[in-house]
Amino acid sequence: MSEKESCTYEEYKQTSDWLLSKTKHRPIVAIVCGSGLGGLGELLKDQQAFNYCDIPNFPKSTVPGHAGRLIFGNLSGKPCVCMQGRFHFYEGYPLWKVTFPVRVFHLMGVEAIILTNAAGGLNQEFSVGDIMVIKDHINMVGFAGQNPLFGHNEDRFGPRFPPMSDAYNKNMRSLLLAAGKELGYNNMREGVYCGLGGPNFETIAECRFLNKLGADAVGMSTVHEVVVARHCGLRILGISLITNKAVMDYDSNFTANHEEVLQAGKDSAKYMEKLVSTFLQRLDLNKV
Ligand SMILES: O=P(O)(O)O[C@H]1O[C@H](CO)[C@@H](O)[C@H]1O
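None of these values were measured; they are calculated from a predicted model.

A. Molecular detail of helix 1 (residues 9-22). In this model, helix 1 (14 residues) spans 20 Å end to end at C-alpha, consistent with the 20 Å of a helix rising 1.5 Å per residue. In this structure, the buried side of helix 1 is in contact with helix 4 (100-108).

Below, the structure is given as structure tokens:
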């Protein structure tokens, strides 16, 4: 018997209905925590948390730095749901499973999604600790023939051929940059995120190639969630924390590693948390 190829509308609905029956929270914003950025979830007030393993149809988190908890609560006065840990293609999940929560959030009434990630800096002007607002992406896994929208199109979620040129909401990008300015941050950047399959970090030639293609940062997540979120009409904000500089030089002795990524996340956690809270304070969903 071959592996299940997708999931039915009823299965997404079953999970959404289950969650709605277990919590009084009615989130309008979803937050996905990148590697080492799970602290964002702790900011939620009046919180109620579920372990992924207790939620019907939910995959399990297997990566260090991704706790595997879904937290409901309020942040800066906005009802939110926060994924403390996301799913990655390299964990062995098909892309419809990697992105499963996004459609569940949509069915629960979520209107906007904030996707955070840890990423390697390809842009030579970027430093570790910089915060990059994602303005666009390059979906390398998509180029390689894997897309979460493959197969039967469920019209109740969105169209067969969704656009992606406007995926990252312009107003929310401006609002985040303004929030950074208000907080006095001088490390805010804007750029293009390139999503790869992982789990190995990139070769030097690959980093040079991706940079030449126009990518400013590289990671192993986010783009699939964006594709599914854009398909079902969510407004999207993407934020990359630059946790390491991609190795671009054959004389370098440095090699990327996950421990360093997690440490950089820890070091910048407070900045990211303040930034997201300030952004949410300023966010008016009727105006973005
Ligand atoms: O994208 P997030 O989930 O932040 O994680 C990033 O960090 C891990 C590598 O250290 C990879 O999973 C990469 O994608």
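Structure shown, so let's carry the discussion forward.
B. Spotlight on the UniProt feature "binding site: phosphate" (unreviewed entry) in the protein. UniProt records the feature "binding site: phosphate" (unreviewed entry) at Ser35, His66, Arg86, Phe87, His88, Ala118 and Ser221, using the numbering of this structure. Despite a sequence span of 187 residues, these residues sit close together in the fold, their greatest C-alpha distance being 13.7 Å. On the secondary structure map, arginine 86 appears in the loop between strand 4 (78-84) and helix 3 (95-98). Owing to 25 C-beta atoms within 10 Å, arginine 86 belongs among the buried residues under this scheme.

C. Representation of the site of the ligand within the structure. Surveying the vicinity of the ligand reveals 13 residues, the closest of which are Gly34, Ser35, Asn117, Met220 and Ser221. Secondary-structure elements contributing two or more residues to the shell around the ligand are strand 5 (112-121) and helix 9 (258-282). Counted by class, the shell around the ligand contains 4 nonpolar, 8 polar and 1 charged residues.

D. Fine view of the packing of helix 1 against helix 4. Taken N-terminus to C-terminus, the directions of helix 1 and helix 4 make an angle of 60°; their axes are 9 Å apart at the nearest point. As the angle between them shows, helix 1 and helix 4 are arranged oblique. The interaxial crossing formed by helix 1 with helix 4 has right-handed handedness. Here helix 1 contributes Tyr12, Lys13, Thr15, Ser16, Leu19 and Leu20 to the contact with helix 4, which in turn contributes Arg103, Val104, Leu107 and Met108. When grouped by side-chain class, the residues that make up the contact of helix 1 with helix 4 number 6 nonpolar, 2 polar and 2 charged.

E. Examining the UniProt feature "binding site: a purine D-ribonucleoside" (unreviewed entry) in the protein more closely. Feature annotation in UniProt assigns "binding site: a purine D-ribonucleoside" (unreviewed entry) to the following positions: Glu202 and Asn244. In three dimensions, the annotated residues from a span of 43 residues occupy one location, with a maximal C-alpha spread of 12.3 Å. Assignment of secondary structure puts glutamate 202 in the loop between strand 7 (188-195) and helix 7 (204-213). A tally of 21 C-beta atoms within 10 Å means that glutamate 202 is categorised as buried. With residues up to four places along the chain from it excluded, the contact list for glutamate 202 reads Cys207, Val218 and Ala246. Assessed through the 20 C-beta atoms surrounding it within 10 Å, asparagine 244 is described here as buried. If near-sequence neighbours (up to four positions away) are discounted, asparagine 244 is found in contact with Gly120, Val128, Ala256, Glu260, Val261 and Ala264.

Cut-offs used in this document
- Residues numbered from 1 in each chain as written.
- Predicted model: local features only at pLDDT ≥ 70, side-chain atom pairs only at ≥ 80, totals over all residues.
- Helix = DSSP H or I, 4+ residues; strand = E, 2+ residues; numbered from the N terminus.
- Expected span 1.5 Å × (residues − 1).
- Contact = placed C-beta atoms within 7 Å.
- UniProt positions renumbered as here; feature names shortened; annotations may be inferred.
- Buried ≥ 20, exposed ≤ 12 C-beta atoms within 10 Å, placed from the backbone.
- Near = placed C-beta within 6 Å.
- Nonpolar A, V, L, I, M, F, W, Y, C, P; charged D, E, K, R; others polar.
- Axes fitted to C-alpha atoms, helices over the stretch in contact; angles between N-to-C directions.
- Parallel < 35°, antiparallel > 145°, perpendicular 65-115°, else oblique.
- Left-handed = near helix turned anticlockwise from the far one by under 90°.

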